[in-house]
Amino acid sequence: MKDKRAIALHYDGYQTPTVTAKGYNHLAEHIIEQVKKQGGLIHEDEALSEYLNQLEIGDEIPESLYRIIAELIAFSWVLNGKTPPGWEGLSGIDELV
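Residues numbered from 1 in each chain as written. Predicted model: local features only at pLDDT ≥ 70, side-chain atom pairs only at ≥ 80, totals over all residues. Heavy atoms only, no water.

Within an unreviewed UniProt entry, the label attached to the protein reads FlhB domain protein, and the organism entered is Photobacterium marinum.

Structure representation (structure tokens):
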């Protein structure tokens, strides 16, 4: 059985997201619980987790992950009824192109 792993990221809306917490098993459960309490998005992706696990707490995510992390953060904001910076005034998603 694999160890449970959690890696938490922080994004302030302006700077590159950074790793703020990492842990396995009991600590992973605690991280997940805290993120849920704060209304954060929990995303399960083995490949992304493996990649992020190579980073240390305080490290910025590498440029190769900008797009996927940006999409996950934007999705999290939308789920929480917020508008990500730079999205103001954009047309609706169901609009014909």
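### Points about the overall build of the protein
Scanning the protein for helices and strands turns up three helices and two strands. Listing the helices and strands of the protein from first to last along the sequence gives β-β-α-α-α. Looking at the 97 residues of the protein, the share that counts as buried comes to 27%. Across the protein, contacts joining residues at least 24 apart in sequence account for 48% of those joining residues at least 6 apart. Carbon and sulfur atoms provide 53% of the accessible area of the protein, an area that totals close to 7,400 Å². (Helix = DSSP H or I, 4+ residues; strand = E, 2+ residues; numbered from the N terminus. Buried < 20%, exposed > 50% of the residue type's maximum accessible area, 1.4 Å probe, protein only. Contact = heavy atoms within 4.5 Å. Areas by Shrake-Rupley, 256 points an atom, 1.4 Å probe, with all protein chains shown as cover.)

### Topic: a nonpolar patch on the surface
Taken together, the side chains of Leu41, Phe75 and Leu79 define a hydrophobic patch exposed on the protein surface, amounting to about 280 Å² of accessible area. Here Phe75 lies in helix 3 (residues 66-79). (Patch = residues over 30% accessible without salt bridge, like charges linked within 9 Å, V, L, I, M, F, W, Y side chains within 5 Å. Salt bridge = Lys/Arg side-chain N within 4 Å of Asp/Glu carboxyl O.)

### Focus on the layout of surface pockets
Size it by volume and the largest pocket reaches roughly 1,300 Å³. For the largest pocket, the lining is made up of 39 residues, of which Ile7, Ala8, Leu41, Ile42 and His43 are closest to its centre. Elements with a contribution of two residues or more to the lining of the largest pocket: strand 1 (5-10), strand 2 (18-24), helix 1 (25-37), helix 2 (46-53) and helix 3. Class assignment for the residues of the lining of the largest pocket results in 18 nonpolar, 11 polar and 10 charged. (1 Å grid on protein atoms, 1.4 Å probe; cavity = no way out; pocket = protein on both sides within 12 Å on 5 of 7 lines; lining within 4 Å. Points joined across faces, edges and corners; volume = space filled by probe spheres on them. Nonpolar A, V, L, I, M, F, W, Y, C, P; charged D, E, K, R; others polar.)

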